[in-house]
Structures are given as C-alpha cells and as structure tokens.
Amino acid sequence: MFKLFADKPDHPMFDLAEAKRLLAELDPGETRKFLEEITFWLESIKRAAGFNTELRLAIIMLLDETGQPLQAELLQRYLSVPHLRDFQGLHLWQVIREFAKELSAAYGAVIDDLQGAEKHARELNEQVPLLCVRQIRAVSEWIKLDLLRYLEVESDVWHLLFSSYRFAQAETCHEHMLHAYPGHVIHTSPQRELSRTLILYISSPGTLAADQIEVAFRIAGRLSSFFDLKTTEDRDCPYVFDLSQAAPPHKVESGLALTPGMRFFGAVRALPALQKIYDQNVNDPVWQERRFSSEFTPAGKLTVLKHLLDYWIAEPPLRYMQRRDINATVDVTHTFRVVSQLVEHIDPGRLEDGDGKSVKLTAKFVLAATDIDYTTETWAVSDMSAAGLGAILSGSLGAWIKIGDLCAIKPKNGQLWWVGTIRRLHTDAENKVLVGIELLAKKPASVWLRVLGKGKDRVSHWETSSGTFAYDYLPVILLPDENNAYLNSTLLMESGHFVLDAIYQVMLGEHSRDIKLTKLLDEGEDYEQVGFEWLS
C-alpha cells in the first residue's frame, strides 16, 4: 500500500478519505458543475505543498476516475449539437477541454516529481506504467477536443505528449500492457495510446464531422495493436515525428535528415482488420458493429470506416485540384429540403436520355405544398478550383455549419443554384472559420421519384380512383456526370430512404423511366448520395 500518512498537507484534500468525503458532497445530478469542481481540485492539488508523490498521485487518480463518466456524458451532449457558433455548445466544450487540460497538467506534475527524485518507492514504481497511460490519454483527449472544433493543436500540447512518452521509454514501460481504468476490458500501453492519437491526427479529421471524429478515435483505439511505431524508415510507416520537437507529425519526404528522436508510424497493417469491420457493417446491417458505441448509426459508422480506409493506406488521397485566389461573394443556404426546392426543376424541362437525345417533359403535377421558409447568408469566397471553393466566415455567419451539410450556392448576379457539401473546416487564431465546399453539381435537377406503397405518405399522397393504393413521392436531386449529362448521373435523396435494389420511377411526364438503386456512395448530415442504373 502507499505510504499516505506522512505529515498532513495544508490542503482541503489532505488525504484520500477527506478527498472522497469532499467529492461525495457534490451533487451528481449537476454533471457540468460536478466536472468543473473536479477540474478545480486538479488545478489546486498539482502544485500544492506538503504532498508526497504517492499521495498526490493517489488523489489525482481518484479525481480522474470520478471525472471520467462525467466527461463522457458531457461529450455526448456536445456531440449531439456540435455547431461551431453555438454558445452553449462552446461552453460545454470548454468545460470538457479544461478537465482534460488540467488532468494532463496534474499527471505531468507527478512525472516532474518522479524525474527529480533519485529513486522511487517500490509501490510507486508499480504505478508508473498506469501513470504514463493515463497521462498520454489525457493529452490525447485534449488534442481530440481541439480537433473537434477544427483548431490547430498548439506546440505546447505536442511537447507534453512527446515528453510523456519519452518518460515512459526512460522507465522502460512504454510497451507495458494494462487496463487504463477500472471496468475497462481492452488492454493498452503508453505506446498504443500515443499511436492512437497520431493516427487520428493524420486521418484528415478536418474533413470529418465532430461525431465522426469521435468514432474515428474509438476505432483507432480498438485497432491500435496493428499500428506500427518504429525508429527506422519503413514502407508501412509513411509518417514521421520527432520526440525532441514540439511539432505535429507529417508525411515522410525524400531526403529527410534523420535525428535520434525521429519515430516513423503508420496504420497500413490495420487495413485488413478495418476492411473486415467495414464488410461486416455492409453485409449484415442487423448485426451492426457495436464496439464503437451504439449511439452512432450504422450508416454513420460506414462513412467513417470508408474514410479511414482511404487515409490509412501508405499513399492517402491528396488535394490535387489547382486552386486560384479570388475575391467574390456567394449566397448560401442549407438542408436537403431547401436545396431540392431551390435547384432547377425539370418539370417541365429537358433531360438527356441514354442515347444523348433530349426528352421534352410535358406533365405537371399538383403535389402537396413544398414551399419551405429559408434564409441565405452572404459568404466571402477566398479561393476556388474546378471541384470546390473556399470561404472565410466571421461573426455569426455559419451558425449551422457542420461537415456533411448540404448547401445551395449561388454566385452574385447568378441565376442558377449550385449544389455543394461542406467537406473541410478549420478555425484560425482569430476565431474565423475557414470552410471548404465540394461542388457536387453546377447544373443539378430536382425531380420526383414515385414508389407504390400502402397507407404511408413520405412526401405527398395520391390515391387512385379505387382508393385502394397510395403512391409515395420522394423529391431527389439528379447530379449530372462529368460530361454534364445524366446517363451516368447520381442522385441525392433525404437520409434514411436508400434501400439497395429498390426500384423507383423518375417522373418525366410521358417519358418517365424506372431506375434501380445500386450503391450508397456517400452520406451527409441529412442526405444520401446514391448510385443507380436506368431500367427503361
């Protein structure tokens, strides 16, 4: 047992029993206030005089274990509405982040004590591996929370992460396997905790929604045993960082000047296991991969799994489109229903058939009212490429913004609405949000799909003369292919409507045609991008 009964420190939590008593007085129903109190005690105790190292560590671990479920609850609340401009969400995020920051600092103070001591007590030696795991995990949570708001990870945070791992190496416990917290079933080690964070960072989190970043972090934790971390260059380790530098990891470049502190890492060996999880989700939706928490939908997990399959390979995708700086403005609004209302409707209109001929649309439909109130914002465009554009938002603009949001975009003085989706976010030092928008189509077409149903009314309801059957209609957006034709087009439909091999009729007047849904290509905040084939 620890030697906890030395001279009593001049601090309210002067021993474990008193610390437990003070924590028991806090209201567990006030989750946010409870975590704020724990954060206060962490900050207070990390440098308080009179504590021996064993007692300080014991109380910090008690505060840590008490705070973990509170942090998890508040994080889930934040992820349910993680808009960058939402004040309540921002305050919630600040509370969680401050806990991770002070926990890192508290464990760091213990490490400083140990590094300054000539030798450790035997009981304390046994706790060093656990100390290292928890310290690196606390810093990792701090980094993840910054990534959730698309912030640059500060150099001081990288320094803390790498110095913690250097300490684990010095204590020869960097590969020591253990459970990080009571009740955990997955073994981890300081090296696995470090690898998990590095892999998350290089997985392009700026192109994932906040909840998707959390899923990616959990997946990386589950598969961390497959990650490589080596002292020499390796084809399966395309990334590098330097333990002696307070700088983020980066891609290995030719002609790299090697230093003793360099470490090379990668997730290539994890790809077969990741592919197996992906295939299980695709082929058995009833099973649902639950190991990464059931609050995330199977389709949402699929999106993240596909993303990680792209970014864990040795040569991940690059932004190759040439971009040019411009100074312009565009009108922007969002949500699938608004976008489908604004883009050009093809009834009546023209659509290219499979032979490249125009089909005149003559039918008109008296459908249920679809007018939806909406507002637009004017965004300043900073750069543009053939595939997208970049914008800079300040003030209250983009309060709704999230990775995966579907947007309607119209250039000033333009007549047609384009369709795009938010693909990348970054928050700069001045709290301006840099937005990357992928343009899905400059000439989209809004059409209706018809499906035979009984007693269900997804969008509008028609009855036949007998009243026996009901036709269900779905609004969708046709996206032309790269040749601006519809022979190999895709479509956008509202989330939850994709069913593999489902057959619909595209309402084109006298020339209506049937299609079969063949593939779920992408998933956004409220839409699904779907591949299909023409049947007639």
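Read on for an overview of the structure. None of the values given here were measured: they were computed from a predicted structure.

So, about the overall build of the protein chain. Looking only at helices and strands, the protein chain has 11 helices and 19 strands in total. Taking the intrachain contacts of the protein chain between residues at least 6 apart in sequence as the baseline, contacts between residues at least 24 apart amount to 66%. For the protein chain, the exposed area adds up to about 25600 Å²; of that, 50% sits on carbon and sulfur atoms.

What follows covers the sheet that holds strand β8 (residues 377-384). Taking strand neighbours around the barrel as the criterion, the 6 strands line up as β5-β8-β9-β12-β11-β10 in a closed arrangement whose pairing is antiparallel. Neighbour-to-neighbour, the strand axes of the sheet open up by a mean angle of 45°, direction not taken into account.

This next bit is on the packing of helix α1 (residues 16-24) against helix α3 (residues 53-80). Contact pair α1 / α3: the axes reach a minimum separation of 10 Å and the direction vectors enclose 25°. The orientation of α1 with respect to α3, classified from their angle, is roughly parallel. Every pair of crossing elements has a handedness; the one defined by α1 and α3 is right-handed. Residues Leu16, Ala19, Lys20 and Leu23 of α1 form the contact with α3, whose own contacting residues are Leu55, Ala58, Ile59, Leu62, Leu63 and Thr66. Its residues assigned to classes, the contact of α1 with α3 shows 8 nonpolar, 1 polar and 1 charged.

Now for the environment of Leu243. Relative to the elements of secondary structure, Leu243 occurs in the loop between β2 (239-242) and β3 (250-251). Distance from Leu243 to His159, taken between C-alpha atoms, is 8.1 Å for residues 84 residues apart in sequence. Apart from the residues lying within four places of it in its own chain, the contact partners of Leu243 are Phe162, Tyr165, Arg166, Gln169, Gly261 and Arg263.

To continue, consider the pattern of salt bridges. Pairing of side chains with opposite charge becomes possible as their charged atoms draw close. Applying the stated criterion to the full structure yields 23 salt bridges. Where Arg423 meets Glu438, a salt bridge forms, and the shortest distance between an N and an O atom there is 2.5 Å. In this pair, Arg423 is assigned in strand β11 (residues 418-427) and Glu438 in strand β12 (residues 433-441), connecting sequence segments 15 residues apart. Looking at Arg423, the relative accessible area reads 25%, which means it is partly exposed. Here Asp522 and Arg423 are joined by a salt bridge, their closest N and O atoms 2.6 Å apart. Of this pair, Asp522 sits in strand β18 (residues 513-523) while Arg423 sits in strand β11, placing them 99 residues apart in sequence. The exposure class of Asp522 is buried, given its relative accessible area of 13%. Taken together, the shared-partner salt bridges connect Glu141, Lys144, Glu214 and Arg218 into one network.

Counting residues in hydrophobic clusters, the biggest one holds 121 residues, and the most contacted among them are Trp312 and Trp379. It is helix α5 (residues 122-148) that contributes the most residues to this core, 14 residues altogether. Leaving out residues up to four positions away in the same chain, Trp312 has contacts with Ile199, Ser203, Ile219, Ala220, Leu223, Phe227, Ala267, Val268, Ala270, Leu271 and Leu274. Membership of the second largest hydrophobic core comes to 21 residues, among which are Ile346, Val447, Tyr486 and Leu491.

Counted by the stated rule, this structure contains 9 aromatic pairs. For the ring pair Phe40 and Trp41, a centre distance of 5.2 Å and an interplane angle of 65° mean the geometry is edge-to-face. An aromatic cluster is present here, built from Trp158, Phe162, Tyr201, Tyr239, Phe241 and Phe265 joined pairwise through their rings. Stacked on the ring of Trp418, the Lys or Arg Lys442 has its end atom at 4.7 Å from the ring centre.

Attention shifts here to the sheet that holds β2. Neighbouring strands of a sheet are bound in pairs by backbone hydrogen bonds; such pairs are parallel or else antiparallel. Here we have 4 strands laid out as an open sheet, ordered β1-β4-β2-β3, and antiparallel in their pairing. Every other strand in the sheet has two partners, leaving β1 (228-230) and β3 as the edge strands with one partner each. Inspection of the sheet shows β2 paired to β3 by 2 bridges, in the antiparallel sense. Looking at the pairing, Tyr239 lines up with Lys251 of β3.

This part covers the side chain of Ser224. Mapped onto the fold, Ser224 is located in the loop between α8 (210-222) and β1. Here Gly221 takes part through its backbone oxygen, which lies 3.2 Å from a polar atom of the side chain of Ser224.

Topologically, Leu124 is positioned in helix α5. Exposure remark for Leu124: the relative accessible area of 3% places this residue in the buried category. Residues Leu124 and Ala58 lie 66 residues apart in sequence; the distance between their C-alpha atoms is 10.0 Å.

Two elements, strand β5 (residues 324-334) and β8, share 7 bridges in a ladder whose sense is antiparallel. Directly across from Asp325, in β8, lies its bridge partner Asp383. In terms of strand pairing, β8 meets strand β9 (residues 388-393) through 4 bridges, oriented antiparallel. Across the sheet, the residue bridging to Ala380 is Ile392, located in β9. Linking two consecutive strands that pair antiparallel, namely β8 and β9, is a turn of 3 residues.

It is worth spelling out the pairing of β9 at this point. Most of β9 sits out of view: 5 of its 6 residues are buried. Pairing geometry for β9 and β12, over 6 bridges, is antiparallel. From the neighbouring strand, Gly388 faces β12, where its bridge partner is Glu438.

Looking at where Val252 falls in the secondary structure, it is placed in the loop between β3 and β4 (262-266). Residue classification places Val252 among the partly exposed residues on the basis of a relative accessible area of 22%. If near-sequence neighbours (up to four positions away) are discounted, Val252 is found in contact with Glu233, Cys237, Pro238, Tyr239, Val240 and Phe264.

Below, the discussion takes up the packing of helix α2 (residues 31-45) against helix α4 (residues 87-116). Angle between the axes and distance between the axes: these two values describe a pair of packed helices. The contact between α2 and α4 brings their axes to 9 Å, and the two run at 30°. Accordingly, the angle class assigned to the pair α2 and α4 is roughly parallel. Seen from above, α2 lies across α4 with left-handed handedness. Each of Arg32, Leu35, Glu36, Ile38, Thr39, Leu42 and Glu43 in α2 lies in contact with α4, whose residues at this interface are His91, Leu92, Val95, Ile96, Glu98, Phe99, Glu102, Leu103 and Ala106. A class-by-class count of the residues in the contact of α2 with α4 yields 9 nonpolar, 2 polar and 5 charged.

Reading the values: the criteria
Residues numbered from 1 in each chain as written. Predicted model: local features only at pLDDT ≥ 70, side-chain atom pairs only at ≥ 80, totals over all residues. Heavy atoms only, no water. Helix = DSSP H or I, 4+ residues; strand = E, 2+ residues; numbered from the N terminus. Contact = heavy atoms within 4.5 Å. Areas by Shrake-Rupley, 256 points an atom, 1.4 Å probe, with all protein chains shown as cover. Pairing = 2+ DSSP bridges. Axes fitted to C-alpha atoms, helices over the stretch in contact; angles between N-to-C directions. Parallel < 35°, antiparallel > 145°, perpendicular 65-115°, else oblique. Left-handed = near helix turned anticlockwise from the far one by under 90°. Nonpolar A, V, L, I, M, F, W, Y, C, P; charged D, E, K, R; others polar. Salt bridge = Lys/Arg side-chain N within 4 Å of Asp/Glu carboxyl O. Buried < 20%, exposed > 50% of the residue type's maximum accessible area, 1.4 Å probe, protein only. Core = buried A, V, L, I, M, F, W, Y, C linked by side-chain atoms within 4.5 Å. Phe/Tyr/Trp six-rings, centres within 6.5 Å; stacked < 30°, edge-to-face > 60°. Lys NZ or Arg CZ within 6 Å of the ring centre and 35° of its normal. Polar contact = N/O pair within 3.5 Å; in protein donor to acceptor, adjacent residues only side chain to side chain.

Remember, this is a structural readout, not a statement about activity or role.
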